[in-house]
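Chain residues, written in single-letter form:
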Amino acid sequence: MTDHLKGLLITATGVLFIVPDSLFVRLIEGDAASITFWRGITAGSVILIGVLLTRGPTGFREVAATGGRGALYTMLLGMSLSGFVLAVSWTSVANVVLILASMPVFAALFSRVFLGETISLRMVLTMIGVFAGLALILRGSHETAGAHWSGDLVALGVSATYAAAMTTARRLRAVSLVPTIPVAMIGASLLVWPLASPLETWQASWPLLLAHGAFISVATSLMTLGPRYITAAEVALLILLESVLAPLLAWAVIGEDPGRWALIGGAVVISVLAVSNIWALRMSRRMRIRPQPRTGPPL
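So, how was this worked out
- Residues numbered from 1 in each chain as written.
- Predicted model: local features only at pLDDT ≥ 70, side-chain atom pairs only at ≥ 80, totals over all residues.
- Heavy atoms only, no water.
- Helix = DSSP H or I, 4+ residues; strand = E, 2+ residues; numbered from the N terminus.
- Rg over C-alpha atoms; globule rule 2.2 N^0.38 Å.
- Buried < 20%, exposed > 50% of the residue type's maximum accessible area, 1.4 Å probe, protein only.
- Areas by Shrake-Rupley, 256 points an atom, 1.4 Å probe, with all protein chains shown as cover.
- Lys, Arg positive; Asp, Glu negative; His and termini not counted.
- Charge placed at Lys NZ, Arg CZ, Asp CG, Glu CD.
- pLDDT = per-residue confidence, 0-100.
- Contact = heavy atoms within 4.5 Å.
- 1 Å grid on protein atoms, 1.4 Å probe; cavity = no way out; pocket = protein on both sides within 12 Å on 5 of 7 lines; lining within 4 Å.
- Points joined across faces, edges and corners; volume = space filled by probe spheres on them.
- Nonpolar A, V, L, I, M, F, W, Y, C, P; charged D, E, K, R; others polar.
- Salt bridge = Lys/Arg side-chain N within 4 Å of Asp/Glu carboxyl O.
- Patch = residues over 30% accessible without salt bridge, like charges linked within 9 Å, V, L, I, M, F, W, Y side chains within 5 Å.
- Phe/Tyr/Trp six-rings, centres within 6.5 Å; stacked < 30°, edge-to-face > 60°.
- Axes fitted to C-alpha atoms, helices over the stretch in contact; angles between N-to-C directions.
- Parallel < 35°, antiparallel > 145°, perpendicular 65-115°, else oblique.
- Left-handed = near helix turned anticlockwise from the far one by under 90°.

Scanning the protein chain from N- to C-terminus turns up 13 helices and zero strands. When the elements of the protein chain are put in sequence order from the N terminus, they spell out α-α-α-α-α-α-α-α-α-α-α-α-α. In terms of overall size, the protein chain behaves like a compact globule, its C-alpha atoms giving a radius of gyration of 20 Å where 299 residues would be expected to give roughly 19 Å. The principal-axis extents of the C-alpha atoms in the protein chain amount to approximately 80 × 50 × 40 Å. Evaluated residue by residue, the protein chain yields a buried proportion of 46% over its 299 residues. Carbon and sulfur atoms form 70% of the exposed surface of the protein chain, whose accessible area is close to 15000 Å². Counting 20 positive and 13 negative side-chain charges, the protein chain places the centres of these two groups 19 Å from one another.

Laid out in structure tokens, this is it:
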């Protein structure tokens, strides 16, 4: 098996494990704070054990040495993890996952503002198309059962927050940020603990809570490992699978109709991002196969 095929299989499997995330939030009997608490405790504990077994305390010391940037990344990651549960609790699954597909757009904007990177024509056209699709999704929120503009705005905030975390991570390329994941998850759980009713939720849905944590820990681990072998454009295309499959899964299992505006707007967002990433992938391949000029003396 080539490294490229290995990366595709690992990342795709990770995406498939993250698809039921929003469905678990729907099925678990509990408020958003309680679900956030157990989501972070179960998944965070599994990942924490994995990090300690593979790297010991070294990984945590390396992250601590990054100072404020590492702390900012951990805080943004924790905010996005808890915000996701709140968004799914306040609006439809389709609206949440389709709005979250806008992360690459926010990442490009933040990279321009904070890292001074230029925004290509491809990204400008992508932003226009994605924001047009998001406008259609927001337009139909008052017509779709289970959807509400407040949850849509939370999902948009989660998208921007996670994109900000990824932008921060680009300044920390030399350090593995995997140890920050359990810190962010468990930290978010501790913060919402005073607002939660964890014992009641555990008694009502403990099998679902354990399964939820297992799925999240596997997905997070695989989606962290996979991008080591494939390009960012290929990763982005595979992550779009969640935006397609999560609403369909919720529709099939609990009958949550995504509504026509979410389907239309989501089709616009996914199509624009797919075309944009295929474009980027083709350009990167052309650069790799372009013959390099000779630097030595002519024969």
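Of all residues in the protein chain, 94% attain a pLDDT of 70 or more, and the chain-wide mean is 85. Below a pLDDT of 50 lies the segment residues 292-299, which in the model reaches one contact outside its immediate sequence neighbourhood of four places, other chains included.

Bringing empty space enclosed by the protein into the picture now. Per the counting criterion, the structure on display carries one cavity of 30 Å³ or more. Here the largest cavity defines a volume of roughly 60 Å³. Lining the largest cavity, in full, are Thr36, Arg39, Gly40, Leu81, Ser82, Met185 and Ala188. Secondary-structure elements contributing two or more residues to the lining of the largest cavity are helix H3 (32-55), helix H5 (68-90) and helix H10 (180-192). The greatest single-element share of the lining of the largest cavity, amounting to three residues, is contributed by H3. For the lining of the largest cavity, the residue count by class is three nonpolar, three polar and one charged.

Moving on: the pattern of salt bridges. Following the criterion strictly, the structure yields three salt bridges and no others. Note that Asp21 is salt-bridged to Arg39, the shortest N-O span being 2.6 Å. Here Asp21, found in helix H2 (residues 21-27), pairs with Arg39, found in helix H3; they are 18 residues apart in sequence, far enough to count as distant. Here Asp21 matches Arg39 in class, with each residue buried. Residue Arg26 is joined to Glu256 by a salt bridge in which the shortest nitrogen-to-oxygen separation is 2.7 Å. Here Arg26, found in helix H2, pairs with Glu256, found in the loop between helix H12 (232-254) and helix H13 (260-289); they are 230 residues apart in sequence, far enough to count as distant.

This paragraph deals with a nonpolar patch on the surface. On the surface, Leu16, Leu241, Val244, Leu245, Leu248, Trp251 and Leu263 cluster together into a nonpolar patch covering about 570 Å² of accessible area. Considering each element in turn, the nonpolar patch owes the most residues, five residues, to H12. With respect to the helices and strands, the residue Leu248 is situated in helix H12.

With that settled, consider the packing of aromatic side chains. One pass over the structure, following the stated rule, counts nine aromatic pairs. Seen in terms of ring centroids, Trp202 and Trp206 are 6.4 Å apart; in terms of plane orientation they differ by 35 degrees. Their pairing is tilted. Of the two residues, Trp202 and Trp206 both sit in helix H11 (residues 198-225), four residues apart, roughly one turn of that helix. Residue classification places Trp206 among the partly exposed positions, given a relative accessible area of 44%. Through successive ring pairs, a cluster of aromatic residues spans Phe37, Trp38, Trp193, Trp202 and Trp206.

In this section: the packing of H5 against helix H9 (residues 149-170). H9 packs onto H5 with a crossing angle of 160 degrees between their chain directions and a minimal axis gap of 8 Å. When the interaxial angle is binned, H5 and H9 end up roughly antiparallel. Handedness of the H5/H9 crossing: left-handed. From H5, Arg69, Leu72, Tyr73, Leu76, Leu77, Met79, Ser80, Gly83, Phe84, Leu86, Ala87 and Trp90 reach across to H9, where they touch Ser150, Gly151, Val154, Ala155, Val158, Thr161, Tyr162, Ala164, Ala165, Met166, Thr168 and Ala169. Tallied by class, residues from the contact of H5 with H9 come to 17 nonpolar, six polar and one charged.

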